[in-house]
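# Secondary and tertiary structure notes
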Amino acid sequence: MTTKTILITAMCALVGLNVLQAEETATAVAAPVQLAADSKLTHPFYQDKPYPAWSQMSADRGLADVRAGLELARERIAAICRVQPQESTFENTFLALNLAADELSQAQGYLHHLSAVMDNEELRRVQEQLIPELTAFDAEITANEQLWTVIKTAAAQPWVKELSPAKQRFVQQTIDGFVDGGADLPADKKARKAEIEQELSQLTTKFAQNVLDSTNAWSLLITNKDELAGMSEDWMNKARAEAQARDMGTEQNPAWLVTLDYESVGAVLRDCDVKLTRMMCWEGQCTVGAVGQWNNEPIVARVMELRRELAELLGFATYADLTTHRRMVGGGEYAMQFIDGMAAKVLPAFRAEVQQVLDYVSAREGQHVMFLDPWDRRYYLKKMSEELYNFDSEEVRPYHQAETVIAGMFSIYSHLFGVNISELPVACLNPGETCPAGAVEVWHPEVKVYQVPYSVGLKVSHGKTVNKGEPITDGALYPQDVLRISGVEAVQDYLVQSVQAVYRQQGVEINDKH
C-alpha cells in the first residue's frame, strides 16, 4: 500500500515536487544535465524518499549539498542557453528551466525545515554563508541575457499555440516572471537590483533571528505564589517544572517561571488575578525584536527603504503595487480600499462590543472605566465570558489534550471517509546509527508519524449481487450521485446519518428530526 505521512509536531510541508502541474505531463523530458545514479547516496539533502535519513543531514552536509545544487542548476541553465530557435520545444526550454533547480530547492527546503524546528548556531552559520550565494543565483536568472533571449524566442514559436491551456498559461507566467524580475532593465539597474535583493535577504534573516532570540531570552521568575493568584494547578505545575529545569527553584523553595511561549505568558495575561504580574508579562512580550541587540526597528526602516527603491527600479509607485499587480486585487491602492471598506463595515459592531466590555468592567470594579490597559483586556474578557455566559475554558481543557484531539479527528475521518489512519513506530538516530526495521527515522524524539492509506477497501466480492445505489467501496459518497441514483429520500437519509456520525463521536445524541 502506498502511504503518505503527517508529521504532527512540526505541522509543516517539507519539500514539494517541483514539477509543472498540467494535465499533460506524461511526456515531460528531464533537464539536460542529470545526476549520477548513486549521487543521492552522497547527497542526503537530495533524498526524495518518503522518510528522509535525518541523522545524515548535518548543517555542513546541507551547505555542501546546496552548493552542489547551485552548480548543477547553473549547468542546466547553460544548456538551455544553447538551445537554438529551430530546436526549441516546451520540454527543453520552459519545463527544463522549471526543473533546473530541483535538487537545490529540495536541499533548501530540508535545510529551512531543520532551521525552523531545530534551530542552532551551526544551522545559522550555514544559512548566513548561503544567503549571498542563493541571492546571487536568483539574480542571475533574470539578468542572463542569453537565457531571456531563448525564453522569449521560444514563447513566440508556433508550437506554443498547440500546447494545452495549462502549459500556455505556464509559458505566460514564465515570461511575466522575467519581466517582473527586471529582465529588460539596463545593466546598471540590474546590478543595483541584485545589490538590493542581497541586502534584503540578509536583513530579513536577521529580523527573524532577532525575534527568536529575544523571545527565548525573556523570562519572569516568580518566587511568591500569591503573585500568581488565579492560575490553574496545571499551569502552576508546568511553570514550577520549567523553573527547576533551569536550576531556578527547589522542592523546598519553589519558584515558577513565565516564558514567552504562548501557553505560558498567554495564560498569565488571561487568568492571573494580580495586575502587576500581568503588566510585567505584557511588557515582556513588548521586548520581542524591540530592545538591545535584538532591536528590529532599524532593520524595518531599512527594509522599507530598500523595498521602495526596488519597486521604483521596476517601474512601480510602491512596493505594494509591485507585489499585488498580478494578483486578484490588482494593486496596492485597491488592497487598501478593500481593507478600509472592511474596517468601515465592522467598526460599529466593534465599538458596541468595546462599550459592552467597558460597562462590564465598570460594574465589576465599582467605578467608571473609560479604557483598558493592554495587560487587562484578555483578563476581563475571560471574566466576562465566565460571569455573563457561564463559560470556563478550564472546563473544556481535558477535551483539548493533543492525544484526545488527534484521536477524535482520526475517528471522524474513519467514520465519514473510511480512511483509517495509523501511527508508525519512529526512531531518532545519531549519525552512523541504523534505523530499526519497520521504523521511520525522525529529526526529534517527540515527532510522530502517521500513515494515511491512498486506497479504499472493496465492500463487494466476486459474484455478489449489487443493488442499484449500494456502495461498493469504503469511504464517503458524493451526495449528488446518491440523489441521481437513489432519489431524494436516500440522499436525505445519507446526509442525516453522516452528520449524526460526527455528533455520536463526541458522545452527543440528537434526534434525526433536528
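From a predicted model like this one, the values you see are computed outputs, not experimental measurements.

### Observations regarding the overall build of the protein chain
Along the protein chain, the regular secondary structure elements total 19 helices and seven strands. For the C-alpha atoms alone, the extent of the protein chain along its principal axes is close to 85 × 75 × 60 Å. The 514 residues of the protein chain split such that 34% are buried. Of the contacts formed within the protein chain by residues at least 6 apart in sequence, a portion of 65% connects residues at least 24 apart. Accessible surface for the protein chain amounts to roughly 30500 Å². Of this, 55% is attributable to carbon and sulfur atoms. Put simply, the protein chain has 46 plus and 70 minus side-chain charges, and the middle of one group is 3 Å from the middle of the other.

### Structural notes on the packing of aromatic side chains
Within the structure shown, the criterion is met by eight aromatic pairs. Aromatic side chains Tyr 379 and Tyr 380 sit 5.3 Å apart centroid to centroid with 70° between the ring planes, which places their arrangement in the edge-to-face category. Tyr 380 shares its class with Tyr 379; the two are buried. Relative to Tyr 450, the ring of Phe 410 has its centre 5.0 Å away and its plane inclined at 70°; by these criteria the two rings are edge-to-face. With Phe 410 in helix H17 (residues 402-417) and Tyr 450 in strand E7 (residues 449-453), this pair connects stretches of sequence that are 40 residues apart. Note on accessibility: Phe 410 and Tyr 450 belong to one class, buried. Three or more aromatic residues link up through ring pairs in this structure, and these residues are Trp 54, Tyr 110 and Trp 443. Lying over the aromatic face of Tyr 379, Arg 278 brings its terminal NZ or CZ to 4.0 Å of the ring centre.

### Some remarks on the nonpolar core
In this structure, Ile 77, Leu 147, Ile 151 and Phe 178 are the most contacted members of the largest nonpolar core, which totals 50 residues. For this core, the leading source of residues is helix H2 (residues 59-81), giving eight residues. If we ignore the near neighbours within four places in the chain, the residues touching Phe 178 are Leu 97, Ile 141, Thr 142, Leu 147, Trp 148, Ile 151 and Ala 183. Core analysis: the next-biggest nonpolar cluster, separate from the first, contains 18 residues, Leu 228, Leu 260, Ala 267 and Cys 272 among them.

### A closer look at H17
The terminal C-alpha atoms of H17, which comprises 16 residues, lie 22 Å apart, in line with the 22 Å expected from a rise of 1.5 Å per residue. Every buried residue of H17 is accounted for by Ile 406, Phe 410 and Ser 411. Viewed along the axis of H17, the buried residues span an arc of 130°, placing them on a single side of the element. Looking one or two residues beyond H17, the residue adopting positive phi is Gly 418, at roughly 65°.

### Some remarks on the confidence of the model for the protein chain
Detailed conclusions should not be drawn from predicted coordinates in areas where pLDDT is low. Scored by pLDDT, the protein chain comes out at a mean of 87, with 90% of its residues at no less than 70. Confidence drops under a pLDDT of 50 for residues 1-31, and excluding neighbours within four residues, the segment shows 71 contacts in the predicted structure.

### Considering the pairing of strand E3 (residues 256-259)
Of the two faces of E3, the one lined by Trp 256 and Val 258 and the one lined by Leu 257 and Thr 259 are each fully buried. In this structure, strand E2 (residues 219-222) lies alongside E3, joined through four bridges in antiparallel fashion. Its bridge partner lying in E3, Ile 222 is registered against Trp 256.

### Section: the pattern of salt bridges
Within this structure, the stated rule accounts for 31 salt bridges. The salt bridge involving Arg 74 is made with Glu 140; its shortest N-O contact spans 2.8 Å. With a gap of 66 residues between them, Arg 74 in helix H2 and Glu 140 in helix H5 (residues 121-143) connect regions that are remote in the sequence. Notably, a salt bridge pairs Lys 382 with Asp 271, separated by 2.7 Å at the nearest N-O pair. One end of the pair, Lys 382, is in helix H15 (residues 377-389); the other, Asp 271, is in helix H10 (residues 262-271), with 111 residues separating them in the sequence. We classify Lys 382 as buried; its relative accessible area is 12%. For Asp 271, a relative accessible area of 5% translates into the label buried. Here the salt bridges share partners, and the residues they tie into one network are Arg 270, Asp 271, Lys 382 and Glu 386.

Calculation notes
- Residues numbered from 1 in each chain as written.
- Predicted model: local features only at pLDDT ≥ 70, side-chain atom pairs only at ≥ 80, totals over all residues.
- Heavy atoms only, no water.
- Helix = DSSP H or I, 4+ residues; strand = E, 2+ residues; numbered from the N terminus.
- Buried < 20%, exposed > 50% of the residue type's maximum accessible area, 1.4 Å probe, protein only.
- Contact = heavy atoms within 4.5 Å.
- Areas by Shrake-Rupley, 256 points an atom, 1.4 Å probe, with all protein chains shown as cover.
- Lys, Arg positive; Asp, Glu negative; His and termini not counted.
- Charge placed at Lys NZ, Arg CZ, Asp CG, Glu CD.
- Phe/Tyr/Trp six-rings, centres within 6.5 Å; stacked < 30°, edge-to-face > 60°.
- Lys NZ or Arg CZ within 6 Å of the ring centre and 35° of its normal.
- Core = buried A, V, L, I, M, F, W, Y, C linked by side-chain atoms within 4.5 Å.
- Expected span 1.5 Å × (residues − 1).
- Arc of directions from axis to C-beta.
- pLDDT = per-residue confidence, 0-100.
- Pairing = 2+ DSSP bridges.
- Salt bridge = Lys/Arg side-chain N within 4 Å of Asp/Glu carboxyl O.

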